[in-house]
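Each chain, written out:
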Amino acid sequence: MNPEQIKKDWNLRGYSFGIFKDPPGQVWADFVHKTDELVVLAEGEIEIEIEGKSQQPPIGKEVFIPAKAKHTVRNVGKTNNAWYYGYKK
């Protein structure tokens, strides 16, 4: 999984690109954005809860979070993780 290729793809689709690196136990709780968001796990483990429904996507799987959806992202692993995120421009 090449972050530069993901960044290029997302830019073509109208999304920004950023990277979060979280320690074990990090929780980003109850966020709501005015725009759609994409998330892809690059390393470690992650749990994404969208409107009360949780999933633990494998590395490389793109997750779509619709605009105005309440969501939480958690590092559920025992090691640091890294994940890519992008917001619809």
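Everything here concerns the structure above.
Predicted model only: the values in this text are computed from it and were never measured.

Asker: Where do I start with the sheet that holds strand β6 (residues 62-65) in this structure?
Answerer: Two orientations exist for strands paired in a sheet by backbone hydrogen bonds: parallel and antiparallel. Ordered by their spatial adjacency, 4 strands build an open sheet running β1-β8-β3-β6, and the pairing between neighbours is antiparallel. The strands lining the two open edges of the sheet, one partner per strand, are β1 (18-22) and β6. Geometrically, the sheet is characterised by an average inter-axis angle of 25 degrees between neighbouring strands, direction not taken into account. Pairing of β1 with strand β8 (residues 81-87), which is carried by 5 bridges, proceeds in the antiparallel orientation. Bridged to Phe20 within β8 is Trp83. Contacts from helix α1 (residues 3-12) reach β3 (37-43), β6 and β8, with the element oriented near 15 degrees to β8.

Asker: Mind showing me how you'd approach the sheet that holds strand β2 (residues 27-31) here?
Answerer: If you trace the 4 strands from one edge of the open sheet to the other, you get β2-β7-β4-β5, paired in antiparallel fashion. The open sheet has two edge strands, β2 and β5 (53-55), and neither has a second partner. This sheet shows a mean twist of 10 degrees between the axes of neighbouring strands, independent of strand direction. When strand β4 (residues 47-50) meets strand β7 (residues 71-74), the two strands line up antiparallel, connected through 4 bridges. Across the sheet, the residue bridging to Glu49 is Thr72, located in β7.

Asker: What am I meant to see in unusual backbone geometry here?
Answerer: With glycine set apart, most residues show a phi of negative sign, and most peptide bonds adopt trans. The phi torsion at Glu51 lies on the positive side, around 50 degrees, for a residue other than glycine. Secondary-structure assignment places Glu51 in the loop between β4 and β5. Unusually for a residue other than glycine, Lys68 sits at a positive phi of about 70 degrees. Along the chain, Lys68 falls in the loop between β6 and β7. Look at Lys68 and you get exposed, because its relative accessible area is 66%.

Cut-offs used in this document
- Residues numbered from 1 in each chain as written.
- Predicted model: local features only at pLDDT ≥ 70, side-chain atom pairs only at ≥ 80, totals over all residues.
- Heavy atoms only, no water.
- Pairing = 2+ DSSP bridges.
- Helix = DSSP H or I, 4+ residues; strand = E, 2+ residues; numbered from the N terminus.
- Axes fitted to C-alpha atoms, helices over the stretch in contact; angles between N-to-C directions.
- Contact = heavy atoms within 4.5 Å.
- Buried < 20%, exposed > 50% of the residue type's maximum accessible area, 1.4 Å probe, protein only.

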